[in-house]
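Residues per chain are reported as follows:
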Amino acid sequence: MILGAHTGVEGGLHTVFDQAQRDGSSCIQIFSKPSQRWSVPPLSKQEIESFRQARRKAGDLPVLVHDSYLINLASPDPERLERSIEAYAQELKRCADLGIEDLNMHPGAATDGDEAAGLQRCADAFLEAYLLAGDPPVRTVIEATAGQGTNLGYRFEHLRDLLARVWDPDRFAVCIDTCHIFAAGYDWSTPEGYAQTFSDFDEIVGLDQLAWFHLNDSKKALASRVDRHAEIGRGEIGLEPFRWLVNDERFAGLPAVLETPNNRMRENLEVLHSLVD
Ligand SMILES: [Zn+2]
Ligand SMILES: [Zn+2]
């Protein structure tokens, strides 16, 4: 597993690679714009060039952008959906400008309670957003969620259904957030549960669809459907399952980022590194 962390962009996008080095990250996740903003001015030539240069200098480490939390591509509200599609197109464009290959997203919320319709809207919205963005060479990475409220993506079947409906399977992949799937009810914290969870995932979605991990422990109980990240080994999952995960040969080449608070990344990465055989 390639271990890294979500990295803050407060000092400017190009500074994330220095921060990654300080944290001991070999891959990173960033927000390319403030996560609570619908829209921002396009990136300047200068920002784009400094970022690309800094990334090259850092050895082209894997970078994942997390999309804005405002975006809901499954919304039954036409206005909100339209706004989300525009915002997602902007996220795609920013990735393309920065030369970032992967954009992580949450499949959205079916706020009217109709999950099947919500999944269909999300799949349709992907196509609209890609067309709006000029079909950039960016891969959408669909994140498994905790299923809080009416959020979609808390069953492996939701991920499968989305992947089945997109026009180009190579443009899409999946991210497992270890806190989210636990909160969603997949108990990967015991040896039997671990084996079962990933064999279920393989059967339903396919391990070959898995592109990234988010590594987080969970403050909330199994199947609570509540999304609260805990530091590694300090939540309901505990330390041992993370040892199995970072040493699992099936995931050897995959990038995995922590999403614990920014000031605790280095310590949490040290914990993960100490688990590697
Ligand atoms: Zn997320
Ligand atoms: Zn996550």
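Everything numeric here is computed off the predicted structure, so don't read it as measured data. (Residues numbered from 1 in each chain as written. Chains lettered and ligands numbered in written order. Predicted model: local features only at pLDDT ≥ 70, side-chain atom pairs only at ≥ 80, totals over all residues. Heavy atoms only, no water.)

> Help me understand the coordination of the zinc ion (ligand 2), please; the structure alone is not making it clear to me.
Where a metal carries four tetrahedral donors, each ideal angle is 109.5 degrees; where it carries six octahedral donors, the ideal angles are 90 or 180 degrees. Around the zinc ion (ligand 2), the protein contributes the donor atoms Glu143 (OE), Asp177 (OD), His214 (ND1) and Glu259 (OE), at 2.1 to 2.2 Å from the metal centre. Coordination geometry of the zinc ion (ligand 2): the four donor atoms subtend angles of 85 to 176° at the metal centre, consistent with an arrangement described as irregular. Read in sequence order, the donor residues for the zinc ion (ligand 2) give the motif E-x33-D-x36-H-x44-E. A separation of 3.4 Å is found between the zinc ion (ligand 2) and the zinc ion (ligand 1), which share Glu143 as a coordinating residue. Separated by 37 residues along the polypeptide, Asp177 in strand β6 (residues 172–177) and His214 in strand β7 (residues 210–215) bring together distant segments of the chain. When its relative accessible area of 0% is taken as the criterion, His214 is described as buried. (Donors = N, O, S within 2.8 Å, 3.2 Å for Na, K, Ca; no water. Tetrahedral: all angles 85-135°; square planar, octahedral: opposite > 155°, others 65-115°. Helix = DSSP H or I, 4+ residues; strand = E, 2+ residues; numbered from the N terminus. Buried < 20%, exposed > 50% of the residue type's maximum accessible area, 1.4 Å probe, protein only.)

> Where do I start with the coordination of the zinc ion (ligand 1) in this structure?
The protein atoms that coordinate the zinc ion (ligand 1) are His66 (NE2), His106 (NE2) and Glu143 (OE), at distances of 2.1 to 2.2 Å. Donor residues binding the zinc ion (ligand 1) come from one chain and are separated in sequence as H-x39-H-x36-E. Take His66: its relative accessible area is 1%, and that puts it in the buried class. Judged by relative accessible area, which is 0%, Glu143 ranks as buried.

> Just checking my understanding: could you explain the packing of helix α3 (residues 78–98) against helix α4 (residues 115–132) for this structure?
Packed helix pairs are characterised by how far apart their axes lie and by the angle those axes make with each other. Contact geometry for α3 and α4: axes closest at 8 Å, N-to-C directions at 50°. The angle between α3 and α4 falls in the class oblique. The interaxial crossing formed by α3 with α4 has right-handed handedness. Where α3 approaches α4, its residues Leu81, Glu82, Ile85, Glu86, Tyr88, Ala89, Leu92 and Lys93 are matched on the opposing element by Arg121, Ala125, Phe126, Glu128, Ala129, Tyr130 and Leu132. Here the residues of the contact of α3 with α4 are counted per class, giving ten nonpolar, no polar and five charged. (Axes fitted to C-alpha atoms, helices over the stretch in contact; angles between N-to-C directions. Parallel < 35°, antiparallel > 145°, perpendicular 65-115°, else oblique. Left-handed = near helix turned anticlockwise from the far one by under 90°. Contact = heavy atoms within 4.5 Å. Nonpolar A, V, L, I, M, F, W, Y, C, P; charged D, E, K, R; others polar.)

> In this structure, what is going on with the sheet that holds β7? I would like to understand it.
Two modes of strand pairing occur in sheets, parallel and antiparallel, and in both the strands are linked by backbone hydrogen bonds. As summarised here, the arrangement of the eight strands in space is β1-β2-β3-β4-β5-β6-β7-β10, forming a closed barrel in which the pairing is parallel. On average, each strand axis in the sheet is inclined to that of its neighbour by 30°, with strand direction left out of account. Two elements, strand β1 (residues 2–6) and strand β10 (residues 255–258), share four bridges in a ladder whose sense is parallel. When the bridges of β10 are listed, Ile2 appears paired with Pro255. (Pairing = 2+ DSSP bridges.)

> Is there a simple way to think about the pairing of β7 in this case?
A regular strand places its side chains so that they alternate between the two faces of the sheet. Across the six residues that make up β7, a large majority, six, are buried. Note: β7 against β10, three bridges, orientation parallel. By the bridge assignment, His214 is partnered in β10 with Val257.

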